[in-house]
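# An overview of the molecular structure
One letter stands for each residue in the lines below.
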Amino acid sequence: MSTHQFQPNLPPPANTVGVITWLKKHLFNGPVNSLLTIIIAYLAFNGLWSAVNWALINADWIGTTRDACTSEGACWVMINVRWDQFMYGFYPTEELWRPQLFYGLLAIFVALLAYEHTPKKVAIWLVFVNIFPFFATFLLYGGVLGLPVVDTHLWGGLLITLVIAIVGIVVSLPIGVALALGRRSEMPIIRSMCTVYIEIWRGVPLITVLFMASVMLPLFLSEGMELDKLFRALIGVVLFSAAYMAEVVRGGLQAIPKGQYEAADALGLGYWKKMRLIILPQALKITIPSIVNTFIGLFKDTSLVLIIGMFDVLGVGQAANTDPEWLGFSTESYVFVALVFWVFCFSMSRYSIYLENKLHTGHKR
Amino acid sequence: MSYKNQNLFYNPTFRSILFQVLAVALLAFFFYSIIDNALSNLESRGIATGLSFLNQEAGFGIGLSLVEYDETHTYGRTFVVGLLNTALVSILGILFATVLGFTVGIARLSSNWLVSRCAAVYIETFRNIPLLLQIFFWYFAVLQALPSPRQSLSLGESVFLNVRGLFFPSPVFEEGSNLIGMAIVLAIVFIIFLAKWASNKQTLTGQQTPVFRYSIILLITLPSFSFFLSGMPISIEYPELKGFNFRGGISIIPELAALVVALSVYTASFIAEIVRSGINAVNHGQTEAAMALGLPKNKTLKLVVIPQAMRIIIPPLTSQYLNLTKNSSLAMAIGYPDLVSVFAGTTLNQTGQAIEIITMTMAVYLTLSLLTSFLMNIYNDKVALVER
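### A look at the overall build of chain B
Of the regular secondary structure elements, chain B holds 11 helices and eight strands. Scaling as 2.2 N^0.38, a compact globule of 388 residues should have a C-alpha radius of gyration of about 21 Å, whereas chain B reaches 28 Å, well beyond that. If one aligns the C-alpha atoms of chain B with their principal axes, the spans along those axes are about 85 × 70 × 45 Å. Within chain B, buried positions represent 29% of all 388 residues.

Printed below as a string of structure tokens:
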């Protein structure tokens, strides 16, 4: 008796595969779409071509003065000359190894934490959150182990952008978790205090918060107490982003099914054990993408510190535009600064999408 | 041994009360110490307290004001001027951002690959660049690079664009133009009745009336009819180059233009994503059901998908509007006289009353956002899907 043999699969119909079919389906289905495709392709090609021409082909790259910029395109010499300022602000030249070491360590930590299969990730995470900030402070500010003190008004450029963003996120996350738990607490006074805090900070623009931190905060301190300008800005940023973080975490807490809470209660766990062992691990896991999104927002918002007189990346770019020797190259500096921010924000948003897909398991509803 | 005799500290009610009393005490101590510090600091620096500064003469001019204002007006008046300027830029920004955002969001869903790619590039570019940078770019790199008034770019000798701003003709209302206003009001009243009648007719008979087409006809014919009837009382004033700048007509200062462009371009990229996800969130079964009923593609979109998508779109959309309003405070960076710039900036520098001024400024934004979230909650309750 012969066994039944399946016929091999037939190839898909010829009119559903291939480049031509794809083009027909996605670009030229109907007269209106075809016309639209042609017009947009023409415009996009022209725009792209002139942008490439300006930024790469006709651009000047090497030199030290504006006389080096002879061609019609972009003058990247300007960025070249101010590279150190864009990276480190006015950090003393002989001490530049310190921010460089900081960048290097930061890159290693981020790479280790972002990579999926790193062993002992939790330990690395704890070191990054608990030890690295203090180490970085001593490294950058100095004053210990014979390192000369570098005052924070000399910090600038990408250094200050990263410092504000990282401190903002690392400090505001625990505060945010506490506020979120408080807002869902059963104690009415605690709950209303947390709610009022969150709603107030979320309702006002960051710039007024920074103003408050820079002009109102000194009035609130007892006489003789002076706070560093960077420190004041950090306080403002942390207070502000903690409120946003609280709402993100609250979203995660609400997404955990009630059964998890009840099961923890049934096991006889107390409030803190219940939160620490059952609820928060699950809630924080599903909120990681939203936390990354909050971080992206915070990262972009760090540029506002230039309004209270600090030189972040944008501040350095803005100062470069008013330099009488380099007048007329504002487009170059804006494009460069935009590129810096864009690279950071875009890669973070891709990472958050990747995480969202990876974590799309379990309790996602 | 009964439960009650155990250590009082393990009693949940007692613990809860204890913690709350502690929290209140901590908060009270915190406020007491900062207020105490603030009072002694203010005294030692010789800064006055209270809101009486609002009645003092301001003594500085403001470049753009929707109400009458000059140096002799009070600080209270500068507050109003700043508030109105914030409102102006927010409303303009919201209008443009909505139009642009919906266009890009729908383009993102287009079946044309190139159109949807272009929309994606737009979204990813503008969403990932700080707003302040975009404002600077539009103001310093684009608008400040425009020609001087003498070499302005012009459109038909009536619209002019130069480094001082955008100038276009303004209508001048002469005697008898009330009639036209009345005609417009009349047309709107007619349209409301027409819409009511049409929806009644549809529920009774199922027949549809092209209300939108009729409304447009009404809105155009009635006012233009009365315009000619009353002897053409509206004339047009063209901007003219006098000395170093244009006079007459309506002018838009470059600060306002840069701010509106940057705010709407930035916010539109967020609105586009909201629109896209809102439309995507409508269950595909709805589209299929509409197709099964024999509705054509455009009616499926208009009658089935959009109404359901709006329910998802509107709450995040309002929060974007709110963000736009809050972001308009960046105006200060380019010198547009908004609330933060004239009040928390110039007024604060002149009077030094940081606490009162920052609190008032924050209170304005806070009121706005609490009001919006209150209205949103009402809306949400109204439109929430009532499930079985």
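Read on for the rest.
### Notes on the overall build of chain A
Scanning chain A from terminus to terminus reveals 14 helices and zero strands. Secondary structure elements of chain A occur, N-terminal to C-terminal, as α-α-α-α-α-α-α-α-α-α-α-α-α-α. The globule rule puts the C-alpha radius of gyration for 365 residues at 21 Å, and the 27 Å found for chain A is more than 25% above it. Projected onto the principal axes, the alpha-carbon positions of chain A cover approximately 95 × 75 × 40 Å.

### Digging into the domain arrangement of chain A
According to the domain assignment, chain A contains domain 1 (14-57) and domain 2 (77-91 + 150-358). The distance between the C-alpha centroids of domain 1 of chain A and domain 2 of chain A comes to 40 Å.

### Observations regarding the sheet that holds strand β3 (residues 165-168) of chain B
Residues and elements named next belong to chain B. In spatial order, the strands read β1-β2-β3-β8; together these four strands make up an open sheet with antiparallel pairing. Taken across any chain shown, the strands that pair with only one partner, and hence form the sheet edges, are β1 (153-155) and β8 (250-252). The average angle at which neighbouring strand axes cross in this sheet is 15 degrees, direction not considered. Relative to strand β2 (residues 159-162), β1 runs antiparallel, the two sharing three bridges. Bridged to Leu 155 within β2 is Val 159.

### A word on the environment of Ser 34 of chain A
Residue and element names in this part refer to chain A. Position of Ser 34 among the secondary structure elements: in helix α2 (residues 31-57). On the basis of neighbour count, Ser 34 is assigned to the partly exposed category, with 14 C-beta atoms found within 10 Å. Along the backbone, Ser 34 and Ile 164 are 130 residues apart, and their C-alpha atoms lie at a distance of 49 Å.

### Some remarks on the environment of Gln 254 of chain A
Residue and element names in this part refer to chain A. Following the sequence through the fold, Gln 254 ends up in helix α10 (residues 229-255). Accessibility expressed as a C-beta count within 10 Å gives 10 for Gln 254, which makes it exposed. Sequence separation of Gln 254 and Arg 184 is 70 residues, and the distance between their C-alpha atoms is 9.1 Å.

### Quick notes on the interface of chain B and chain A
A common way to express how large an interface is: the accessible area buried when the components associate. Listed by partner, the interface residues are 47 residues for chain B and 46 residues for chain A. For the side of chain B that touches chain A, the elements supplying multiple residues, two or more each, are α1 (12-45), α3 (113-127), α4 (131-142), α9 (297-327), α10 (339-351) and α11 (354-383) of chain B. Here the side of chain B that touches chain A takes 13 residues from α1 of chain B, the largest share from any one element. Tallied by class, residues from the side of chain B that touches chain A come to 32 nonpolar, 13 polar and two charged.

### What to know about helix α13 (residues 313-322) of chain A
Most of α13 of chain A sits inside the fold, with eight of its 10 residues counted as buried. Taken together, the buried positions of α13 of chain A are occupied by Val 313, Leu 314, Gly 315, Val 316, Gly 317, Gln 318, Ala 320 and Asn 321 of chain A. The inward-facing, buried residues of α13 of chain A abut α3 (77-81), α4 (83-88), α7 (157-183) and α14 (330-358) of chain A together with α4 of chain B.

### A closer look at the domain arrangement of chain B
On domain assignment, one finds that chain B holds domain 1 (3-45), domain 2 (75-130 + 253-383) and domain 3 (170-237). A straight line from the C-alpha centre of domain 1 of chain B to that of domain 3 of chain B covers 63 Å.

### Overview of unusual backbone geometry
Most peptide bonds are trans, and most residues other than glycine sit at a negative phi. Residues and elements named next belong to chain A. We note that Lys 120 has phi near 55 degrees; this positive angle belongs to a residue other than glycine. Its place among the elements puts Lys 120 in the loop between α5 (97-114) and α6 (121-141). Classification of Lys 120 as exposed rests on a count of 10 C-beta atoms within 10 Å.

### Thoughts on the nonpolar core
Ranked by internal contacts, the top residues of the largest apolar core, which has 144 residues, are Leu 210 of chain A together with Leu 133, Ile 135, Leu 259 and Ala 262 of chain B. Among the elements that line this core, the one with the most residues is helix α7 (residues 254-281) of chain B, at 16 residues. In this view, Ala 262 of chain B contacts Leu 131, Gln 134, Ile 135 and Trp 138 of chain B; residues no more than four positions away in its chain are not counted.

### Some points on the packing of helix α9 (residues 206-220) of chain A against α11 of chain B
At a minimum axis distance of 10 Å, the contact between α9 of chain A and α11 of chain B shows a crossing angle of 155 degrees. Taken together, the axis directions place α9 of chain A and α11 of chain B in an arrangement best described as roughly antiparallel. α9 of chain A and α11 of chain B meet at a crossing whose hand is left-handed. Residues Thr 208, Phe 211, Met 212, Val 215, Met 216 and Leu 219 of chain A of α9 of chain A form the contact with α11 of chain B, whose own contacting residues are Ala 354, Ile 355, Ile 358, Thr 361, Met 362 and Tyr 365 of chain B. Tallied by class, the residues present in the contact of α9 of chain A with α11 of chain B amount to 10 nonpolar, two polar and no charged.

### Some points on the packing of α5 of chain A against α6 of chain A
Any two packed helices are characterised by the angle at which their axes cross and by the distance between the axes. Residue and element names in this part refer to chain A. Where α5 meets α6, the axes come as close as 11 Å, and the angle between the chain directions of the two elements is 170 degrees. One finds that α5 runs roughly antiparallel with respect to α6. The segment α5 lies against α6, with Arg 98, Pro 99, Leu 101, Phe 102, Phe 109, Leu 112 and Leu 113 engaging Lys 121, Ile 124, Trp 125, Phe 128, Phe 132, Ala 136, Leu 139 and Leu 140.

### Comments concerning the confidence of the model for chain B
All names here are of chain B. Per-residue confidence for chain B gives a mean pLDDT of 84, with 97% of residues at or over 70. By mean pLDDT, strand β7 (residues 245-247) is the weakest element of chain B at 72, and α7 is the strongest at 92. Both confidence scores are given for the complex: pTM 0.85, ipTM 0.86.

Definitions and limits used
- Think of each chain on its own: its residues are numbered from 1, step by step along the sequence as written.
- Whichever chain is written first becomes A and whichever ligand is written first becomes 1, with later ones labelled in order.
- Predicted model: local features are reported for residues with pLDDT of at least 70 only, side-chain atom pairs are reported and counted for 80 or more only, and whole-chain, interface and lining totals are derived from all residues.
- Counting from the N terminus, the helices are DSSP H or I runs at least four residues long and the strands are E runs at least two residues long.
- Our radius of gyration looks at C-alpha atoms and nothing else; its globule reference is 2.2 Å times the residue count to the power 0.38.
- Residues with at least 20 neighbouring C-beta atoms inside 10 Å of their own are called buried, those with 12 or fewer are called exposed, and the rest are partly exposed, where every C-beta is derived from the backbone.
- Reported domain spans reflect what an automatic or database domain assignment gives.
- Being paired, for any two strands, means DSSP has found at least two bridges between them.
- Axes here refer to lines fitted to C-alpha atoms; in helices the fit is confined to the stretch in contact. Angles between the N-to-C directions go from 0 to 180 degrees.
- Whether two residues are in contact depends on their C-beta atoms, placed from the backbone: they are in contact if these lie within 7 Å.
- All amino acids are sorted into three groups, where Ala, Val, Leu, Ile, Met, Phe, Trp, Tyr, Cys and Pro are nonpolar, Asp, Glu, Lys and Arg are charged, and the leftover types, Gly among them, are polar.
- Only buried residues count toward a nonpolar core: Ala, Val, Leu, Ile, Met, Phe, Trp, Tyr and Cys, linked into one set through C-beta atoms within 7 Å.
- An angle below 35 degrees is read as roughly parallel, one above 145 as roughly antiparallel, one from 65 to 115 as roughly perpendicular, and any other as oblique.
- It is the rotation of the near helix from the far one that decides the hand of a crossing: anticlockwise by less than a right angle makes it left-handed, clockwise makes it right-handed.
- As a per-residue measure, pLDDT reflects the predictor's confidence and takes values from 0 up to 100.

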